[in-house]
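Each chain is listed here by its residues.
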Amino acid sequence: MKAENMIGSFYERNFMIEIRPKTDTRVSSRTKLMGRIKLANLFSLPEEEFEGYLKQIEEREEFKELLKYRVIKFNRFSGIRSGPSVQFREELSSGGNFSLEEVMEKDPKGWQVVKKVATTLGKDKFSNFLKEGRLSLKEIAKECALSAEETKKFTNFMNRFQVYQIFFNSDASGSESISSASHFSRVAYIENQDGKLFIFPANNSGYLGKGRYTVDYERWESLIKDKELSSNKVKKIMSLFRQLDMINNRITTIYGIIHQIKERQSSFLISGDPKDKVPLTQRQMAQILGVDPSTISRSIANKSIVSPRGKEMPLKSFFTTGKEKINALIMDILKEERGKLMKGLLSAPLSDEKIKDRLKEKYGIKIARRTIAKYRKEILEIPSSRERKNPDEHLA
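Values in this document were obtained by computation on a predicted structure and should not be read as measured data.

Along the backbone of the protein there are 21 helices and six strands. Residue burial in the protein is summarised as follows: out of 396 residues, 42% are buried. When contacts within the protein are restricted to residue pairs at least 6 apart in sequence, long-range pairs at least 24 apart make up 71% of them. When the accessible surface of the protein is split by element, carbon and sulfur atoms take 48% of a total near 21900 Å².

In this section: the nonpolar core. Buried together is how nonpolar side chains tend to be arranged in soluble globular proteins. Ile-247 and Ile-258 are the most contacted members of the largest nonpolar core, which has 52 residues in total. Sort the elements by how many residues they give to this core and helix 15 (residues 231-264) lands first, with 12 residues. When residues no more than four places from it in sequence are discounted, the contact partners of Ile-258 are Val-187, Ala-188, Ile-190, Ile-199, Leu-208, Ile-305 and Leu-315. Counting residues in each nonpolar core, the second largest holds 16 residues, with Ile-355, Ile-367, Tyr-375 and Ile-382 among its members.

The next subject is the pattern of salt bridges. The final tally for this structure, using the stated rule, is 13 salt bridges. Residue Lys-233 pairs with Glu-65 through a salt bridge whose shortest N-O separation is 2.7 Å. Linking Lys-233 in helix 15 with Glu-65 in helix 5 (residues 61-68), this pair joins segments that are 168 residues apart in sequence. Two residues, Arg-376 and Asp-352, come together in a salt bridge whose shortest N-O distance is 2.8 Å. Here the residue Arg-376 occupies a position in helix 21 (residues 369-379), and Asp-352 occupies one in helix 20 (residues 352-363), the gap between them amounting to 24 residues.

Detailed reading of the predicted coordinates is not advisable wherever pLDDT is low. Averaged over the protein, the pLDDT score is 79; the fraction of residues at 70 or greater is 75%. In the model, residues 1-23 has pLDDT below 50 throughout and makes 51 contacts with residues more than four positions away in sequence or in other chains. Scored below 50 in pLDDT, residues 163-181 shows 30 contacts in the model against residues more than four places distant or in partner chains.

Our next topic: the sheet that holds strand 5 (residues 303-306). If you walk across this open sheet you meet the four strands as 3-2-5-6, and the pairing is mixed. Looking at the sheet topology across the chains shown, the edges are occupied by strand 3 (196-201) and strand 6 (312-314). Sheet twist, expressed as the mean angle between neighbouring strand axes with direction ignored, is 30°. Pairing of strand 2 (residues 185-193) with strand 3 involves six bridges; the strand directions are antiparallel. Within strand 3, the position partnered with Glu-191 by the bridge is Phe-198. Packing of helix 15 onto the sheet brings it into contact with strand 2, strand 3 and strand 5, and relative to strand 3 it is tilted by some 155°.

Turning next to the packing of aromatic side chains. Describing an aromatic ring pair means giving the distance of the ring centres and the angle of the ring planes. Using the criterion set out here, one finds seven aromatic pairs in the structure. Seen in terms of ring centroids, Phe-74 and Tyr-213 are 5.4 Å apart; in terms of plane orientation they differ by 45°. Their pairing is tilted. Note that Phe-74 is positioned in strand 1 (residues 72-75) and Tyr-213 in strand 4 (residues 212-215), a separation of 139 residues in sequence. Judged by centre distance (4.3 Å) and plane angle (15°), the rings of Phe-77 and Tyr-255 are stacked. Placement of the pair is Phe-77 in the loop between strand 1 and helix 6 (84-93) and Tyr-255 in helix 15, with a sequence separation of 178 residues. The class for Tyr-255 is buried, based on a relative accessible area of 1%. Members of the aromatic cluster, connected to one another through ring pairs, are Phe-63, Phe-74 and Tyr-213. The aromatic ring of Phe-198 is capped on one face by Arg-81, whose charged end is 3.6 Å from the ring centroid. When the ring centre of Phe-50 is taken as reference, the NZ or CZ atom of Arg-250 above it lies at 4.0 Å.

Here four bridges tie strand 2 to strand 5, and the two strands are oriented parallel to one another. Bridging from a neighbouring strand, Ala-188 pairs with Ile-305 of strand 5. If you look at the hairpin formed by strand 2 and strand 3, you'll find two residues sitting between the two strands, and Asp-194 has a positive phi there, around 55°.

What follows covers the environment of Leu-329. Tracing the chain through its elements places Leu-329 in helix 19 (residues 322-343). According to the relative accessible area criterion, Leu-329 is buried, its value standing at 2%. Contacts of Leu-329, omitting those with residues within four sequence positions, involve Lys-275, Leu-359, Tyr-363 and Ile-365.

This part takes up helix 20. With 12 residues, helix 20 extends 16 Å between its outermost C-alpha atoms, agreeing within 8% with the 16 Å of an ideal straight helix rising 1.5 Å per residue. If you check which residues of helix 20 are buried, you get Asp-352, Ile-355 and Leu-359. Buried residues in helix 20, looked at end-on, bunch into an arc of 50°, giving them a common side. Along its buried surface, helix 20 packs onto helix 19 and helix 21. Immediately downstream of helix 20, the backbone of Gly-364 shows phi near 70°, a positive value.

Turning next to the side chain of Glu-337. With respect to the helices and strands, Glu-337 occurs in helix 19. At 2.6 Å, the side chain of Glu-337 forms a polar contact with the backbone nitrogen of Leu-350. Setting aside residues no more than four positions away along its own chain, Glu-337 makes contact with Leu-346, Pro-349, Leu-350 and Arg-388.

Moving on to the side chain of Arg-250. When you line up the elements, Arg-250 lands in helix 15. Apart from the residues within four sequence positions on either side, Arg-250 is in contact with Leu-42, Phe-43, Ser-44, Leu-45, Pro-46, Glu-47, Phe-50 and Lys-303.

How each quantity is defined
- Residues numbered from 1 in each chain as written.
- Predicted model: local features only at pLDDT ≥ 70, side-chain atom pairs only at ≥ 80, totals over all residues.
- Heavy atoms only, no water.
- Helix = DSSP H or I, 4+ residues; strand = E, 2+ residues; numbered from the N terminus.
- Buried < 20%, exposed > 50% of the residue type's maximum accessible area, 1.4 Å probe, protein only.
- Contact = heavy atoms within 4.5 Å.
- Areas by Shrake-Rupley, 256 points an atom, 1.4 Å probe, with all protein chains shown as cover.
- Core = buried A, V, L, I, M, F, W, Y, C linked by side-chain atoms within 4.5 Å.
- Salt bridge = Lys/Arg side-chain N within 4 Å of Asp/Glu carboxyl O.
- pLDDT = per-residue confidence, 0-100.
- Pairing = 2+ DSSP bridges.
- Axes fitted to C-alpha atoms, helices over the stretch in contact; angles between N-to-C directions.
- Phe/Tyr/Trp six-rings, centres within 6.5 Å; stacked < 30°, edge-to-face > 60°.
- Lys NZ or Arg CZ within 6 Å of the ring centre and 35° of its normal.
- Expected span 1.5 Å × (residues − 1).
- Arc of directions from axis to C-beta.
- Polar contact = N/O pair within 3.5 Å; in protein donor to acceptor, adjacent residues only side chain to side chain.

Have a look at this one:
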């Protein structure tokens, strides 16, 4: 089955997928079903196993030969960047079992200066600075043309970095970093550069960094004529093409999901405020990408990205319904209520009518009082205002 047909018009418009020449479409229902099952199994593979599968494919004699004759090429995604950002994250992380993401979240401005220094110095020099301290901070500031303010930010960041290294390398520490404790496979970083968001692959040599496979069928036909390939070898190569089609389905879908998250959840990614999260369901994503909702579910399972604020976030966490967003806002209002009650700034808990008014005034959301009562009682399991007299209860 053609990867292009399965991915849909979204990819033809946005990612310029090569259209494969038409072949005989008289395929039995059984064959189509088997193809869907194989594709579903491929989408369900954990990232580590999928990377291993790609390695096996690329080590095959047929693949290497077709790569040599430029029948198979890598077509990089236009929205993916690669370079120092990923490499220097790895350099920083290699120093010890600590949470770089936590340091970045606490000091995002310092991290921007660190990236500037890393890019200016180059990988080897920056690595030597981290591991052996061959350059002083004064020398770095001069070589990288850092302003006094940037030098201060860089120094503060590196001091925090070293404190975290010492703490997490200590035998007495039982803490685990996000990286070591996470049950998710990190597939990408989204970074904020001068107010614009960019996607960096978690691994430059991985599939998001290299891109999808494309097949030049004119070269392939010429190769058949020039090399006089045996029917058995042609059969093996055609089987390889079908495997690459299925692999492209998974690769392009995952990229499409991350790209859409970057575009649609940009405010949330930059601010980190849950109130900025736009309602987005897996079904809506499926419609955008032209795939089945089950494909989205399989694609995002156990995968994460790192936000511009340095926080590792499961892909699943970016999907939310309008109801879920309203529930989160109601919970925020009730937490605010609790704080004011404890400080004596509020004489009594808010009624559902007042919660309705707050939603309209603060967030521009119009919703019926009875709907708020339903969400509060049935979903959030929070009692009515008459029963919420003790601010230490219910919202612990």
